[in-house]
Structures are given as C-alpha cells and as structure tokens.
Amino acid sequence: MISLNKFLYVDKCLKMPHAKKVGFYLVEEEKIYAAIHESGEIYFNKAQQKLVEANSHNLKNSAFHEVPRAIVVESDFYIGDTLLTGSVLNDGRRVIKDTSLFEALNRSRKGETRRVGFPPIIGSKSLALLVTEKYPHYLESIMPFEVAQFNGNTGKWYDANTIPMICDIYMEAEHEGLITASQEHILAQAKILLRSLARVGITALIDEATNYQEIRGKDELQVLLAKFISEELRPYSKEFDKEYFEQLFRLYKVPYDPTSQKRPRYFAKFTKKYVYDLLPPNVWEKLDSVNPNVYNSDNDRWDRKHRLHQYLTEDNGLKFLRGHLDILIPVMKLSIDMEDFKSKFALVYSEKIKNIERMKDSYQTTIEDLD
C-alpha cells in the first residue's frame, strides 16, 4: 500500500518527463493512471484524485500494469496512396493507430464482427480458422494494445508489422479459396500494400514521419547488444518453418523434397546475409563466437553445435527474428527468382541497412574516443 503523502497530482501523469514507468492501477475494473518518477514519487491525474484517495489501500505493486509509451509525436505517413498514423514506443516498436489499420486495408469499422481471441481486423470465421491453423504465432503480434500517447492520453495501437502479416493472411486465404465477394476489395488493397512495402519498409516510413532518427541515443548499439544475446543457451524451438525453406528452394530453382532435412550449404549464407546481418551490429559476431563452426569428423564437415537462435533472448532477439521472418517471407513470395529477390530486399530494407551502418560508425567512433 502506498502512503498518501507520496501522492502527487498533475493534469496528465502519462506525459510526465523522467518517469521510470507509466501505467495504471487496476482496482475493481477501474483504471487509475499513474507515472512512477525516477525518484520513486508517484504522480496521478488530478481528474482522478477522489478515486485515488478512496482506493489508496488498493494501490499495491501487484495491481500496477505498465503501459508502453510513445516517445515521439504521432505523425501521418503514406504507404502508396494510403494515409496512416504512426509513432515509436519507448521499447523501440514502431506502431500504427488502430483506425489506421482499417483504413490501410480499405475496411469499414461500421458493423464489424468481433471474434473472441482475435483482433477486430480478423472478423470472418474463415480467416480466424486460417490464423488458428497456419498462423498461430501471428496472434500475439497482431493484437491491438493500449499505449500512453505522447499527448498524455491513451489509445489503441498495433505493432506496425501487423500490416504485412495481415496482408500475408489475406493472400494465403486467396490461395485456399476462402475470399468472399465482400472481401475482394480488401485482398486487392493487401496486394497494393505489399507492393508498396517492397519499395520502402514500414520502419523507415514511421522513422521519417516522426523524426525518430534524430532522437536516438548514441548508446543504442550497446543497449541492443545486451538485449539480444542470451547469457544461457535456450531450449531448441523451431523458428525457421517449412515455408521459409520452400521459398529458398524455389528462388534458387532447386528441387524441393519435403521429406528430406538436407539443405544446400549456401542456404546458411543466405540466412546469415538476409536474416542475421539485419540484427544490430556485433550481435552476429557475438553469436558466432559463442557458437562457432567446429569440424565434425563423422560427416567431414563444419557445423555449429547448436542453432544460432538458441542464443537469442526471448524478449528481444527472438521477437526480432520472428518479426523479421514475418516480413521477409512475403518479400520472398513476391519475388520471381534470386535476382528479383535481391532487388526487392534492397528496397524494403534500405533504410534499416543504413541505420545499422550508422550504428556501426557510432560504435567505432566511441571505441576510438576511448582509446
């Protein structure tokens, strides 16, 4: 329980500068918003003062729910001809406003069907079944969530990578003949969005619109490295699914045998270049050092003892890997062959590659200054 003499009130506590965390205390379904300052002081909204004082005995740590906060002003940007609203959160996620997702897919919210356990954008029973059967790993990523907006209010937002994920779901639905006449216009818009994203990435669009690149900390590299590499080996989990390898065989025009686990050696080079090299600088080098290639005399080849992704952290490393593959695989599917893929990849990830180079330069400058 919090002492009453620690209560401080402001107009918009979620907008408090130097807050260690922001969120709300949930008391009998009532949200009491608060910001916990770096000093330990707790700020509440003046408008909720009576509610705070009446429930002071219930404001326990166990009742506090942290909410991610936007660190830049929400701004409009275009994907093709579609206007959306985006922002960036304190954990680095790029997000789009909930209304923007419907507008991006040319969907009306009027009379929308809600299905328990699914985001509002998945309204039809056939799409819900498709997600359950083929894309269960998408569900957490495509759910809307509450954000403490830059203006001090809260709102529902989606991870920006929801757009290519939803587009992928609609394209798979078309492949399986599940698209109804009323969904044809959404499918057409999904295809337009994917083509537009093949020219420039969603992260780059939001960063440019919000000027986020101007406020990134110079220690971003060191922070990310610590967040991405796990100190302990994680249990094995299947991260590169069948579809990833199916597309690789197709792009390289190599016959695919679904009963065999054998892969050409150059597939590993592809994965390094187009997956692991997109991690923050030095993450690959660290992974390579803790899990190096060793010679196996039994089969006369060099192999790693464990999967590289077993050394990635759950919260950041694996989350990045899964999110990256969710975008990379649609780019692979849209490509005719490897040359076409390289061209599309360069367009989609051009800004991200530039940012990685910038971080490398920043890190090298820091090292030289220390020397």
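Up top is the structure.
Note that this is a predicted model, so its numbers are computed, not measured.

S.K.: Help me get a handle on the nonpolar core, residues and values and all.
M.R.: One finds Ile96, Leu105, Ile122, Ile163, Ile166, Ile169 and Tyr170 to be the most contacted residues of the largest nonpolar core, which totals 37 residues. Of all the elements in the fold, those that place two or more residues in this core are β6 (75-79), β7 (82-88), α2 (98-104), α3 (125-134), α4 (162-175) and α5 (184-197). With seven residues, α4 is the single largest residue contributor to this core. With sequence-adjacent residues up to four places away left out, Ile96 is seen in contact with Phe77, Thr85, Gly86, Leu101, Trp157, Tyr158, Ala160, Ile163 and Ile206. The next biggest cluster of nonpolar side chains, apart from the first, holds 31 residues, and it includes Leu251, Val283, Leu312 and Leu325.

S.K.: Give a detailed account of α5, specifying residues and quantitative values.
M.R.: Over its 14 residues, α5 extends 20 Å from the first C-alpha to the last, a length consistent with the 20 Å expected when each residue adds 1.5 Å. Buried within α5 are the following residues: Ile186, Leu187, Gln189, Ala190, Leu193, Leu194, Ser196 and Leu197.

S.K.: Outline the sheet that holds β6, listing residues and values.
M.R.: Strand order across the open sheet formed by five strands is β6-β7-β8-β10-β9, with antiparallel pairing between neighbours. Two strands bound the open sheet, and with one partner strand each, they are β6 and β9 (145-148). Averaged over all pairs of adjacent strands, the angle between strand axes in this sheet comes to 55 degrees, irrespective of strand direction. Of the pairings in the sheet, the one linking β7 to strand β8 (residues 94-97) comprises three bridges and is antiparallel in character. Bridging from a neighbouring strand, Gly86 pairs with Ile96 of β8.

S.K.: Go over the pattern of salt bridges, please, and point to the residues and values.
M.R.: With the rule as written, the count across this model stands at 12 salt bridges. With a shortest N-O distance of 3.0 Å, Lys333 and Asp168 are connected by a salt bridge. Of the two residues, Lys333 sits in helix α11 (residues 314-334) while Asp168 sits in helix α4, which places them 165 residues apart along the sequence. Its relative accessible area of 26% is what places Lys333 among the partly exposed residues. Close ionic contact of Asp340 with Lys344 constitutes a salt bridge, the shortest N to O distance being 3.0 Å. One end of the pair is Asp340 and the other is Lys344, both in helix α12 (residues 338-348) and four residues apart, which spans about a single turn. Taking the relative accessible area as the measure of exposure, Asp340 reaches 19% and is therefore buried. One salt-bridge network, in which partners are shared between bridges, spans Lys134, Glu172 and Glu176.

S.K.: With reference to specific residues and values, describe the environment of Asp98.
M.R.: For Asp98, the location among the structural elements is in helix α2. For Asp98, a relative accessible area of 17% gives the class buried. When the C-alpha atoms of Asp98 and Leu84 are compared, they prove to be 9.7 Å apart, with 14 residues separating the residues in sequence.

The rules behind the values
Residues numbered from 1 in each chain as written. Predicted model: local features only at pLDDT ≥ 70, side-chain atom pairs only at ≥ 80, totals over all residues. Heavy atoms only, no water. Core = buried A, V, L, I, M, F, W, Y, C linked by side-chain atoms within 4.5 Å. Buried < 20%, exposed > 50% of the residue type's maximum accessible area, 1.4 Å probe, protein only. Helix = DSSP H or I, 4+ residues; strand = E, 2+ residues; numbered from the N terminus. Contact = heavy atoms within 4.5 Å. Expected span 1.5 Å × (residues − 1). Pairing = 2+ DSSP bridges. Axes fitted to C-alpha atoms, helices over the stretch in contact; angles between N-to-C directions. Salt bridge = Lys/Arg side-chain N within 4 Å of Asp/Glu carboxyl O.

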